[in-house]
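# Chains, contacts and geometry: an overview
Chain by chain, the residues run as shown.
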Amino acid sequence: MTSALSVTQAFDSPAIRVNGPRAWAERLSILWRITDLAQTYRMEVSNGALIHHPDPKDTRADLTLTLTKPQLLGLLAGRGLDGIEHEGDVGVLTRLLGLLDEPDPDFAIVTA
């Protein structure tokens, strides 16, 4: 099912899980180069929120990742950086993951 998600939808998942108070003082950025889709996104954490922009004008980032969409989905699922080209501070990824709340498996999508 995750393979049907667009890159924007895939990035929305961690964005809604950011713990705002814990992320308030954090500032980080990641440039994502999705090679098989010829797309580039810039993700930023600031002021307690995670935002992402397609086709950014500003391509400076703390970490640049060059990968395919399947690698992106694997990375977001926790499979690590194996086979993913990266440049910059890989600790940024750990910092980002540390700002996310765990999803609630009992969240009621539909209620009666």
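These remarks concern the structure in this document.

Definitions and limits used
Residues numbered from 1 in each chain as written. Predicted model: local features only at pLDDT ≥ 70, side-chain atom pairs only at ≥ 80, totals over all residues. Heavy atoms only, no water. Pairing = 2+ DSSP bridges. Helix = DSSP H or I, 4+ residues; strand = E, 2+ residues; numbered from the N terminus. Core = buried A, V, L, I, M, F, W, Y, C linked by side-chain atoms within 4.5 Å. Buried < 20%, exposed > 50% of the residue type's maximum accessible area, 1.4 Å probe, protein only. Contact = heavy atoms within 4.5 Å. Salt bridge = Lys/Arg side-chain N within 4 Å of Asp/Glu carboxyl O. Axes fitted to C-alpha atoms, helices over the stretch in contact; angles between N-to-C directions. Parallel < 35°, antiparallel > 145°, perpendicular 65-115°, else oblique. Nonpolar A, V, L, I, M, F, W, Y, C, P; charged D, E, K, R; others polar.

Moving on to the pairing of strand E2 (residues 39-46). One ladder, built from 7 bridges, connects strand E1 (residues 28-34) with E2; its direction is antiparallel. If you follow isoleucine 34 over to E2, its bridge partner there is glutamine 39. As consecutive antiparallel partners, E1 and E2 are separated by 4 residues, and within that stretch alanine 38 has a phi angle of approximately 50°, a positive value. One ladder, built from 6 bridges, connects E2 with strand E3 (residues 49-54); its direction is antiparallel. Residue pairing in the sheet places glutamate 44 in a bridge with isoleucine 51 of E3. Where E2 hands over to E3, the hairpin turn is made up of 2 residues, of which asparagine 47 adopts a positive phi near 55°.

This brings us to the nonpolar core. By size, the foremost hydrophobic cluster in this structure holds 23 residues, and its most contacted members are Ile30, Trp32 and Leu65. The greatest single-element share of this core, amounting to 4 residues, is contributed by E1. Beyond its immediate chain neighbours, meaning those up to four positions away, leucine 65 contacts Ile30, Leu31, Trp32, Arg33, Leu75, Leu81, Ile84, Glu85 and His86.

Take the pattern of salt bridges next. Pairing between side chains becomes possible if they bear opposite charge and their charged atoms approach one another. Under the counting rule described, the total for this entry stands at 5 salt bridges. Two residues, glutamate 26 and arginine 95, come together in a salt bridge whose shortest N-O distance is 2.8 Å. Linking glutamate 26 in the loop between helix H2 (20-23) and E1 with arginine 95 in helix H4 (residues 91-97), this pair joins segments that are 69 residues apart in sequence. On the basis of relative accessibility, which here comes to 21%, the residue glutamate 26 falls in the partly exposed class. On the basis of relative accessible area, arginine 95 is assigned to the partly exposed category, the value being 33%. When the shortest N-O distance is used, the salt bridge between arginine 42 and aspartate 58 registers 3.9 Å. Separated by 16 residues along the polypeptide, arginine 42 in strand E2 and aspartate 58 in the loop between E3 and strand E4 (63-67) bring together distant segments of the chain. Given the relative accessible area of 27%, aspartate 58 is considered partly exposed. Here the salt bridges do not stand alone but share partners, grouping Arg42, Glu44, Asp58 and Arg60 into one network.

The subject of this paragraph is unusual backbone geometry. The phi torsion at asparagine 47 lies on the positive side, around 55°, for a residue other than glycine. Here asparagine 47 shows up in the loop between E2 and E3.

Moving on: the pairing of E1. Within E1, 6 of the 7 residues are buried, which leaves it mostly tucked inside the rest of the structure. Relative to E4, E1 runs parallel, the two sharing 5 bridges. Looking across to E4, one finds that tryptophan 32 is bridged to leucine 65.

Quick look at the packing of helix H1 (residues 7-16) against helix H3 (residues 69-76) now. At a closest axis distance of 11 Å, the pairing of H1 and H3 adopts a crossing angle of 10°. As summarised for this structure, H1 and H3 are arranged roughly parallel, according to the angle between their axes. Contact residues: Val7, Ala10, Phe11 and Pro14 in H1; Leu72, Leu73 and Leu76 in H3. For the contact of H1 with H3, the per-class residue count stands at 7 nonpolar, no polar and no charged.

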